[in-house]
Structures are given as C-alpha cells and as structure tokens.
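Chain by chain, the residues:
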Number of protein chains: 2
Amino acid sequence: MSEFDDAISLRRDGEGRYLGTLTDAWGIGEAVNGGLLMALSTQAVIDVVPAHHPHPLTWSGVFLSPGGPGEITAEPTVLRTGRSMSTAQVIVRQGEMERFRALLTMGDVSGHSEPVRKQTPRPRITPVDQCVSSGDAPPSALTKSELLQRFDMRLDPETAGWALGQPSGNGEMRGWIRFADGREPDALSLLAFLDAFPPVAFDLGSVGWVPTIEFTGYVRAVPAPGWLAIRIRTSTVTGNLLEEDAELWDSTGRLVAQSRQLASARFAD
Amino acid sequence: MSEFDDAISLRRDGEGRYLGTLTDAWGIGEAVNGGLLMALSTQAVIDVVPAHHPHPLTWSGVFLSPGGPGEITAEPTVLRTGRSMSTAQVIVRQGEMERFRALLTMGDVSGHSEPVRKQTPRPRITPVDQCVSSGDAPPSALTKSELLQRFDMRLDPETAGWALGQPSGNGEMRGWIRFADGREPDALSLLAFLDAFPPVAFDLGSVGWVPTIEFTGYVRAVPAPGWLAIRIRTSTVTGNLLEEDAELWDSTGRLVAQSRQLASARFAD
C-alpha cells in the first residue's frame, strides 16, 4: 500500500461516519496538508455514492480550523443521485471541532473527458532533471515539513528565486510533481497534487503560513502514469487576500485538473 | 425599491428559515437565473452573521435542481465566527426539493481590499455605445428570457458573432453590464452580475440551456457606481463539460469580482 493510500484509509463506524488517523508524516508546519484532507474526505464520499460515480468531478470546501495529527472523522451525505453525476456533502471533524466541510460532484470522469474540444496547453517548463528538487530546499523550509518527503516536487529554476530570498513578484511557479514512493497519479490523488506545491504567495514576498479560506478543484481527466506538470498563479492580490489558480497536466500533456483557492497571506508591509 | 432588491427580499419565519418568492421576471428559459438565487441565498446568510461581516467574500455552491417561479426557502447556518470572517452554509429549497446549497465566507470586503498589490487589468473592450445591446438580441434569444429586461447588457461586437450564428470558437465574451432600472452595483449584487451574461459555451457553438454544476465566486472589492466591465472565458472543454471564468471590473477599472463554474453544454457533434 502506498503512503498516500495508507494516509487516506478510513474505517466505517456503525453510524454512517468514517474514521481515519492523521499523522505528521503529511504535516506542513503545525498543520496537516489541505490536499491530503481533501482526498481523505473524498474517500468517504466515494463509499456512499453509486459505484459508477467513482471520481470527484468538483470539490469545493471551506476550511474552518487547521487539522493536526490524531483521529479524524468524515461524515458524508448524498444530496442527489442522477444518471451521470451524484452530489454530496462531507463534514470533517477532529473531536468536536469541525475542520472543514465540502460539496462534491461525483461521476465517472472518463465519461466526461472525450472529445477534448479545447484545453489549456501545457506551458514550457524546464525539464525535470534541470529543476530544483524539494530535497534541495533550504533547511528552514524543511523544518517540520514532512510533506516534502511524501511528494517529489521539482521547481522550475526560472520561478524558484523566492526559495533563495529573491521572489520575482510575478506570482507564478511552474514545475513537476509525483509521489515520492512511486505511486502513480489517479483522479482522486489529483486533489492532493493541486494543493501540494508551496504557496504562490511566496513568489510575492510573503512568508509563513498561508491558510486556505475556500478551495475549489475540478478533475477533468484520469491522468496517465508519470510526472505531472504543474503551474500555480495569482492574478489579484488585495490586502492580505489572494486567489491561487493551479493547473495540472499529465505526462501526455493533457490538462487533467484545475483549481482556485482564496488564501490569506502575510506581507512585510 | 429596485427590481433586484425586491426579487431577493426575504421574510423570516419562526424557525430560522427565510421565505421569498421567485417570479419569471428573472427567468431564463424555464428556470430562474442562478445569479439571482445566489444573491437571494446570501441575503439569508447576511441576517445570521455578525453585522460587521456584511459581504460575501466567497460563495461556493452545487446546483441540484433548477429553480422556478414560486415560493422559496433559504435555511442559513453559521459554521464559524472569527474576528475578520464568518463562515456559513445555506440550503435553498422549493417545497421539499433542494435547489442548491452553498458554503459562504462573509466579512467586510473593504477591510480586505487595500492595498492592491496586484490585479488583472481590465482588457480592452469596445466602448459601451458601440456595443451590441441585449435589447438588440434576435427574438429567438429573447423568448422566455425576461432576465434580459432586468440587466442592461452590452456585448463587444468582436465577441458577438455567436448571436448571428457565427460563434468564433475562441470561448470568450467581453462587454458591459448594469441593472436596467439604474440600481448601482454593490458587493452583494456582484454575485448576480457574475452569472448574468449568456453562457460562454455559445461562442463554441453550443445551443440551449447550459446548467451550472458548481459555481464559486469571490468578491474582491466594493464596486464604484456605474457600468461594470465583464469578461467570460473558458480554457478547457471536454466531453460536454467546460469551466467558465468570469471577471468583473468597476467603472474605475478595478477588479471587483471573479468566478469559476463547471457547466454542462450540448454540442452539435
């Protein structure tokens, strides 16, 4: 079993809830990575919708309090079951504290991904072996970020200045990502990949934790095996709020997932 | 009272629910405009969160069944109240049928909109008086679309070919929008403006109703009075699904709202 599948595995209690355990193996600072939590919550939903709706087509949620190591409970509710899609809600708690809740559209993404009438082409990204590896991150960035051991992340050197204290101010990062243990990407794990890279706010000079307020991800196709290409960008930064858009392309160059989140960042001024 | 404020006005019942009435004055085909419903649902949330959190910062919802003329009920629940933001859920029903549910982040957007560190500049759009007015739409497009009487919409002729049966295939529309009765835009009504324009799928040759599956909108600033500039685009169209991104700029050129929706369109092939 892969590290990812192990981390999102759930057992059912007798009352329609699903129980899991968070470890700091997926930690980022004091919190557990949001992308892992999104995938975990989707696991619970997969179990309550029809088997022919196995993939998250849309995942939208609000984050109420940061998740930490320990027991976690996911409570899914089916809102509607249609012919080609089901809609569900999931509430995730630790103890009495609600961590987040989300609304999901489930379906078979392979039934919605052909033909490709239009797609965002994969941008030019420096080849993997010439990128900056997350393993090369400065020690300060690695402190308490076990997450960097779970993902193999490669940052295009053209967008890596921030890691050396020289943010470009462009608000963009490009690179490559895969699981460190070799597990291949699938529709479910795309949710985790969408929220695994460092916050794009770092390229604008922000430091420290960048909590997500709202996150919406769309899965557009089942990814082929291999590296995923990723681009994250922000277009509008006002006060301490910014939106961050992420896009993922599989090894064939196909756009397989896209997301937007509103996040809160700290800036020096 | 303006047409918009009248349409979203609610009265409280004794059990934490808010009652309103939909009329076909905001109809589009057989359904009532989604943007109006989003604003109406937000009205109910405004009444249950602290008064210093009066604006929707984020609105994310899933649409379960189309709303039609008649009574409507909104049931808001506060999930968390923080210092600068509150989080809430709202469930909207007609009779026993759930129409949609949404997760909202509420706050005072004017406290999150300065300074402007980065923003998407308003694109070049043909001046209002040289645009195609919604009043000039072919009679077929006006059939049962009372909505076109509520909004004054002007479409840039460069992106209006689809209305004459010549979609460009680019997947983009630009133009201007305001309320027909002169009501000025505010933070709440931006939600309605984000979903008022014709579906961008029409520019790709799609015809007929384009139901929204999921919609997420962010309000980034309180708009100045006057016309709003709008751009809607899609980048990835697969099978019958497409994402539609909308952006609104106020009369000073400021980016005031942005949204993304996943929609289902019918194509000829």
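Everything that follows concerns the structure shown earlier in this document.
Quick caveat, the model's predicted, so the values are computed rather than measured. (Residues numbered from 1 in each chain as written. Chains lettered and ligands numbered in written order. Predicted model: local features only at pLDDT ≥ 70, side-chain atom pairs only at ≥ 80, totals over all residues. Heavy atoms only, no water.)

> Help me out: how do you make sense of the side chain of Thr 58 of chain A in this one?
Turning to its location among the elements, Thr 58 of chain A is positioned in strand S5 (residues 55–63). Look at Thr 58 of chain A and you get buried, because its relative accessible area is 0%. With residues up to four places along the chain from it excluded, the contact list for Thr 58 of chain A reads Leu 103, Leu 104, Thr 105, Gly 217 and Tyr 218 of chain A together with Ile 213, Glu 214 and Leu 262 of chain B. (Helix = DSSP H or I, 4+ residues; strand = E, 2+ residues; numbered from the N terminus. Buried < 20%, exposed > 50% of the residue type's maximum accessible area, 1.4 Å probe, protein only. Contact = heavy atoms within 4.5 Å.)

> What am I meant to see in the packing of aromatic side chains here?
To describe a pair of aromatic rings, one takes the distance between the centres and the angle between the planes. Residues and elements named next belong to chain A. Per the counting criterion, the structure on display carries 22 aromatic pairs over all chains. For the pair Trp 59 and Phe 215, a centre-to-centre distance of 6.1 Å together with 70° between the ring planes defines the contact as edge-to-face. With Trp 59 in strand S5 and Phe 215 in strand S13 (residues 212–219), the pair connects residues that are 156 residues apart, well separated along the chain. Among the aromatic side chains, those forming a connected cluster through ring pairs are Phe 4, Trp 26, Phe 151, Phe 179 and Phe 193. (Phe/Tyr/Trp six-rings, centres within 6.5 Å; stacked < 30°, edge-to-face > 60°.)

> When you look at the pattern of salt bridges in this model, what are you seeing that I'm missing?
Here the idea is simple: oppositely charged side chains can pair when their charged atoms come close. Scanning all chains against the criterion turns up 42 salt bridges over all chains. Arg 254 of chain A serves as the salt-bridge partner of Glu 114 of chain A, at 2.8 Å between the closest nitrogen and oxygen. Remark: Arg 254 of chain A occurs in the loop between strand S16 (241–249) and strand S17 (255–264) and Glu 114 of chain A occurs in the loop between strand S8 (97–107) and strand S9 (116–118); sequence separation between them is 140 residues. The exposure class assigned to Glu 114 of chain A is exposed, which follows from its relative accessible area of 51%. The salt bridge involving Arg 150 of chain B is made with Glu 3 of chain B; its shortest N-O contact spans 3.0 Å. Highlighted residues: Arg 150 of chain B in helix H4 (residues 147–150) and Glu 3 of chain B in helix H1 (residues 3–7), separated in sequence by 147 residues. Connected via shared salt-bridge partners are Arg 124, Asp 156, Glu 158, Glu 172 and Arg 174 of chain A. (Salt bridge = Lys/Arg side-chain N within 4 Å of Asp/Glu carboxyl O.)

> Before we go on, may I ask you to explain the interface of chain A and chain B in this structure?
How big an interface is tends to be reported as the loss of accessible area on association of its parts. Each partner contributes residues to the interface: chain A has 54 residues there, and chain B has 53 residues. Of the charged contacts, one joins Asp 245 of chain A and Arg 260 of chain B as a salt bridge, the two residues approaching to 3.6 Å between their closest N and O atoms. Put simply, chain A and chain B have 37 residue pairs in polar contact (both at pLDDT 80 or more) between them. With six residues, S17 of chain A is the single largest residue contributor to the side of chain A that touches chain B. Looking at side-chain class alone, the side of chain A that touches chain B contains 18 nonpolar, 23 polar and 13 charged residues. Two strands pair when backbone bridges link them, and S9 of chain A and strand S15 (residues 237–238) of chain B are joined in this way by two bridges, in the antiparallel orientation. (Polar contact = N/O pair within 3.5 Å; in protein donor to acceptor, adjacent residues only side chain to side chain. Nonpolar A, V, L, I, M, F, W, Y, C, P; charged D, E, K, R; others polar. Pairing = 2+ DSSP bridges.)

> Looking at this structure, how should I read helix H2 (residues 34–46) of chain B?
Residues spaced three or four apart along an α-helix face the same direction, because each turn holds 3.6 residues. Residues and elements named next belong to chain B. In this model H2 runs 18 Å from its N-terminal to its C-terminal C-alpha over 13 residues, within 8% of the 18 Å that 1.5 Å per residue would give. Counting buried positions along H2 gives 11 out of 13 residues, so the element sits mostly inside the fold. Of all the residues in H2, the buried ones are Gly 34, Gly 35, Leu 36, Leu 37, Met 38, Ala 39, Leu 40, Ser 41, Thr 42, Ala 44 and Val 45. If you check the start of H2, you find a side-chain oxygen 3.2 Å away from the backbone N of Gly 35, and it comes from Asn 33. (Expected span 1.5 Å × (residues − 1).)

> What is the right way to read helix H5 (residues 187–194) of chain A from this model?
With respect to burial, H5 of chain A is a largely interior element, eight of its eight residues being buried. Within the sequence span of H5 of chain A, burial applies to Ala 187, Leu 188, Ser 189, Leu 190, Leu 191, Ala 192, Phe 193 and Leu 194 of chain A.

> Would you mind going over the relation of the copies chain A and chain B with me for this structure?
Between the two copies of the chain lies a rotation about an axis combined with a shift along it. Expressed as a screw operation, the relation of chain A to chain B combines 0.0 Å of axial shift with a rotation of 180°, fitting to an RMSD of 0.0 Å. Those values place the two copies in the arrangement expected of a two-fold rotation axis. Across chain A, the smallest distance between a C-alpha and the rotation axis is recorded for Ser 60 of chain A, namely 3.3 Å. By residue overlap, the copies meet face to face through one surface: 98% of the interface positions of chain A are interface positions in chain B. (Least-squares fit on C-alpha atoms with pLDDT ≥ 70 in both.)

> Hey, could you run me through the pairing of strand S6 (residues 70–81) of chain B in this one?
Each regular strand carries side chains that alternate between the two faces of the sheet. All names here are of chain B. Across five bridges, the pairing between strand S2 (residues 18–22) and S6 is antiparallel. Among the inter-strand pairings, Leu 19 is bridged to a residue of S6, identified as Thr 73. Two elements, S6 and strand S7 (residues 85–94), share eight bridges in a ladder whose sense is antiparallel. Residue pairing in the sheet places Arg 80 in a bridge with Thr 87 of S7. Two successive antiparallel strands, S6 and S7, enclose a turn made up of three residues.

> So what exactly am I meant to see when it comes to the pairing of strand S14 (residues 228–233) of chain B here?
Residue and element names in this part refer to chain B. With respect to burial, S14 is a largely interior element, five of its six residues being buried. In terms of strand pairing, strand S12 (residues 172–179) meets S14 through six bridges, oriented antiparallel. Within S14, the position partnered with Arg 174 by the bridge is Arg 231.

> What should I look at first to understand the packing of helix H2 (residues 34–46) of chain A against H5 of chain A in this one?
When two helices pack together, their arrangement is given by the angle between their axes and by how far apart the axes lie. Residue and element names in this part refer to chain A. Look at H2 against H5: their axes get within 7 Å of each other, and the N-to-C directions meet at 155°. As far as their axial angle goes, H5 and H2 are roughly antiparallel. Considering the relative orientation of H2 and H5, their crossing is right-handed. In this structure, H2 contributes Gly 35, Leu 36, Met 38, Ala 39, Thr 42, Gln 43 and Ile 46 to the contact, and H5 contributes Leu 188, Leu 191 and Ala 192. (Axes fitted to C-alpha atoms, helices over the stretch in contact; angles between N-to-C directions. Parallel < 35°, antiparallel > 145°, perpendicular 65-115°, else oblique. Left-handed = near helix turned anticlockwise from the far one by under 90°.)

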